[in-house]
Amino acid sequence: MKSFVKGDKKLLNAWAFYDWANSVYALVISSSIFPLYYGSLFRELNIDSFDFWGTSIKSESIISYITAIGFLIVCVLSPILSGIADYLGTKKFFMKLFCGIGSVSCMLLYFFSLDYMIISLLIYMFGLIGFWGSLVFYNSYLPDIAFTEQQDGISAKGYSLGYVGSVVLLLLNLLLVMKYETFGFESAMTAMRFSFILVGLWWVGFSMYTFRYLPDFKNDKKITRSVFFKGFRELKKVWNELKEYVSLKRYLVAFFVYSMAVQTVMVIAAYFGEKEIAWENDTQRTTGLILSILMIQIVAIAGAYLTSMLSKKIGNIYTLCVLNALWIVICLYAYTIVTPNEFYVAASFVGLVMGGIQSLSRSTYSKLLPETTDTTSFFSFYDVTEKLGIVLGMSMYGLVSDLTGKMQNAILFLIVFFAVGFVLLLRIPNKKQS
């Protein structure tokens, strides 16, 4: 095993730089260009639903359901692969594997079409699996490479780098879409498809810097059948150990609830803006939605650092309570919005709390962990908790939207998750020490 120095700035910066590499997926595919492209495919045919084996499902519900399925697969794979990674020391290998799956899937989205809807949705789902699967191993590196007092800061730096990097590529994509004729594309839709290729190349290309410096813990152990179930045994072990760590257990319960809503909002925000806001025309829809997403990213940079500063004054848990309260206000406001200007206001506040709650949630969990060498197992449990919440959140969002025919009704439902998360956070003992 190649030696490394824990807390080394070059190593920490290389780790944080993976956010720069992979966050373009979260921004371009999950949040902006792909939702625009997806909505345009349905508008071209003047439809808002698709028939699956005789059942008509609304376009936004389709994405909700396929997203839920993708996260469910990640939930199943995470404990299996994290168990193998712990046993064989192949954390870096699996991070690379999922990075490859995700980046290639992004490039294949160039061929996304309603004519081949099932295959297209599978490609979209594999991109999601690649992105979130790699984060399981990426996050688990944090306590391995950074000391406790460094974790809040480097976690925030990672998210900030991700926001900056993804904004750079999104601006380039916006230029390609708005000036598609200048760049030789036959339509804005073609330029959008090309942007998916750029995402894949950006992701895999810049991640090489991270992989160059991250330590490899590989050993000479041989894989056996029992290793495949090691991850589930480790999850059970972690679950049993949580009984001894009341603060950590209660934090995970609270995180499960409020993260359910946070991640759902992040996925559906662009689809909501694309469909429910009264844009004057397609050009305004494209520029308006992308600019609002850019606003979220830029404000989120400040939000991540402001949250880190606030947590130093009042502690992580109380800061998370404040963020959950702000999310409730945002959701109440989002239920009433119709005009583009109202959407921009909502987007700015979403950005302010989005970066902070993601960064602080990750570092809070890391700080609450007991002294252990099985960091991958604990972070696998964290990720499974998060993903199960997303599965439930996206499924319920799609169901409420499908049954009521209005996306705003599903937003109201998310308020319940934030409110319950707020109450659960207050039940955590020793809040000022976290």
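Residues numbered from 1 in each chain as written. Predicted model: local features only at pLDDT ≥ 70, side-chain atom pairs only at ≥ 80, totals over all residues. Heavy atoms only, no water.

Per an unreviewed UniProt entry, the recorded name for the protein chain is MFS transporter permease, and the organism is Myroides marinus. Under Subcellular location (unreviewed entry), UniProt gives the following word-for-word description of the protein chain: "Endomembrane system". (UniProt positions renumbered as here; feature names shortened; annotations may be inferred.)

Asks: Can you lay out the overall build of the protein chain for me, pointing to particular residues and giving the numbers?
Replies: Regarding its fold elements, the protein chain presents 15 helices and two strands. Taken over the C-alpha trace, the protein chain has a radius of gyration of 21 Å; the compact-globule value for 434 residues is 22 Å, and the two agree within 12%. Over its C-alpha atoms, taken along the principal directions, the protein chain stretches across nearly 55 × 45 × 45 Å. Counting the 434 residues in the protein chain, one finds 59% classified as buried. In the protein chain, the share of contacts with a sequence separation of at least 24, taken over all contacts with a separation of at least 6, comes to 84%. Total accessible area on the protein chain is roughly 17700 Å²; 65% of this is exposed by carbon and sulfur atoms. Averaging the positions of the 35 positive and the 28 negative side-chain charges in the protein chain gives two centres separated by 10 Å. (Helix = DSSP H or I, 4+ residues; strand = E, 2+ residues; numbered from the N terminus. Rg over C-alpha atoms; globule rule 2.2 N^0.38 Å. Buried < 20%, exposed > 50% of the residue type's maximum accessible area, 1.4 Å probe, protein only. Contact = heavy atoms within 4.5 Å. Areas by Shrake-Rupley, 256 points an atom, 1.4 Å probe, with all protein chains shown as cover. Lys, Arg positive; Asp, Glu negative; His and termini not counted. Charge placed at Lys NZ, Arg CZ, Asp CG, Glu CD.)

Asks: Describe empty space enclosed by the protein, naming the residues involved and giving the relevant values.
Replies: Enumeration according to the criterion identifies four cavities of 30 Å³ or more in this entry. Reported here for the largest cavity is a volume of approximately 630 Å³. In this structure, the largest cavity is lined by 44 residues; those nearest its centre are A26, W132, Q263, M266 and Q358. For the lining of the largest cavity, the elements supplying multiple residues, two or more each, are helix 1 (9-31), helix 3 (59-88), helix 5 (117-140), helix 7 (148-178), helix 10 (246-276), helix 11 (282-314), helix 13 (340-368) and helix 14 (375-404). It is helix 10 that contributes the most residues to the lining of the largest cavity, 10 residues altogether. If you count residues domain by domain, the lining of the largest cavity takes at least three from each of domain 1 (1-240) and domain 2 (245-433). (1 Å grid on protein atoms, 1.4 Å probe; cavity = no way out; pocket = protein on both sides within 12 Å on 5 of 7 lines; lining within 4 Å. Points joined across faces, edges and corners; volume = space filled by probe spheres on them. Domains from an automatic or database assignment.)

Asks: Describe the pattern of salt bridges, and please don't skip the residues or the numbers.
Replies: All told, the structure shown has six salt bridges when counted by the stated rule. The residue E274 makes a salt bridge to R43 at a minimum N-O spacing of 1.8 Å. Here the residue E274 occupies a position in helix 10, and R43 occupies one in helix 2 (residues 33-44), the gap between them amounting to 231 residues. For E274, a relative accessible area of 8% corresponds to the buried category. Residue classification places R43 among the partly exposed positions, given a relative accessible area of 31%. The partner of E386 in a salt bridge is K387, and the shortest N-O contact between them spans 2.9 Å. (Salt bridge = Lys/Arg side-chain N within 4 Å of Asp/Glu carboxyl O.)

Asks: Before we move on, could you go through helix 13 and cite the residues and values that matter?
Replies: Across its 29 residues, helix 13 extends 42 Å between first and last C-alpha, which sits within 8% of the 42 Å expected from 1.5 Å per residue. Counting buried positions along helix 13 gives 21 out of 29 residues, so the element sits mostly inside the fold. (Expected span 1.5 Å × (residues − 1).)

Asks: Pulling in residues and values, what's your account of the environment of I415?
Replies: For I415, the location among the structural elements is in helix 15 (residues 407-426). The exposure class assigned to I415 is buried, which follows from its relative accessible area of 13%. A C-alpha to C-alpha distance of 9.2 Å links I415 and I330, two positions 85 residues apart in sequence. Apart from residues no more than four positions distant in its own chain, I415 is found in contact with I328, C331 and L332.

Asks: Report on the nonpolar core, specifying residues and quantitative values.
Replies: Core analysis: the biggest nonpolar cluster contains 148 residues, and I29, F34, F112, M117, Y251 and Y365 have the highest contact counts within it. Ranked by the residues each element gives to this core, the list is headed by helix 10, at 17 residues. Residue contributions to this core reach at least three from each of two domains, namely domain 1 (1-240) and domain 2 (245-433). (Core = buried A, V, L, I, M, F, W, Y, C linked by side-chain atoms within 4.5 Å.)

Asks: Summarise helix 12 (residues 316-334); cite the residues concerned and give the values.
Replies: Since the α-helix packs 3.6 residues into each turn, any two residues three or four apart lie on the same face. For helix 12, built from 19 residues, the straight-helix expectation of 27 Å at 1.5 Å per residue is met to within 8% by its first-to-last C-alpha distance of 27 Å. Every buried residue of helix 12 is listed here: N316, I317, T319, L320, C321, L323, N324, W327, I328, I330, C331 and A334. Turning to helix 12, the residues buried within the fold contact helix 7, helix 10, helix 11, helix 13 and helix 15.

Asks: Account for the layout of surface pockets, naming residues and giving values.
Replies: When its volume is computed, the second largest pocket comes out at roughly 240 Å³. Taken together, S40, R43, E44, V177, M178, Y180, A188, M189, M192, D282, T283 and T286 make up the full set of residues lining the second largest pocket.

Asks: Just give me the short version of the pairing of strand 2 (residues 55-58), but keep the residues and values in it.
Replies: As paired elements, strand 1 (residues 49-52) and strand 2 share four bridges and run antiparallel to each other. Counted as the bridge partner of F50 is I57 from strand 2. Linking two consecutive strands that pair antiparallel, namely strand 1 and strand 2, is a turn of two residues; a positive phi of about 50° is found at W53 within it. (Pairing = 2+ DSSP bridges.)

Asks: Mind laying out the domain arrangement of the protein chain, listing which residues take part and the relevant values?
Replies: Each domain of the protein chain was delimited in the assignment, giving domain 1 (1-240) and domain 2 (245-433). Computed over C-alpha atoms only, the centres of domain 1 and domain 2 are separated by 18 Å. Taken residue by residue, the interface counts 67 residues in domain 1 and 58 residues in domain 2. Here domain 1 meets domain 2 over a buried area of about 5500 Å², counting both sides, of which 66% is carbon and sulfur. Remark: the boundary between domain 1 and domain 2 carries two salt bridges. Where R43 meets D282, a salt bridge forms, and the shortest distance between an N and an O atom there is 3.7 Å. Viewed at the interface, domain 2 and domain 1 are joined by four residue pairs in polar contact (both at pLDDT 80 or more). Of all elements in the fold, only helix 1, helix 2, strand 2, helix 3, helix 5, helix 6 (142-145), helix 7 and helix 9 (230-241) reach the threshold of two or more residues within the side of domain 1 that touches domain 2. Among the elements that line the side of domain 1 that touches domain 2, the one with the most residues is helix 7, at 17 residues. (Buried area = accessible area lost by both parts, 1.4 Å probe. Polar contact = N/O pair within 3.5 Å; in protein donor to acceptor, adjacent residues only side chain to side chain.)

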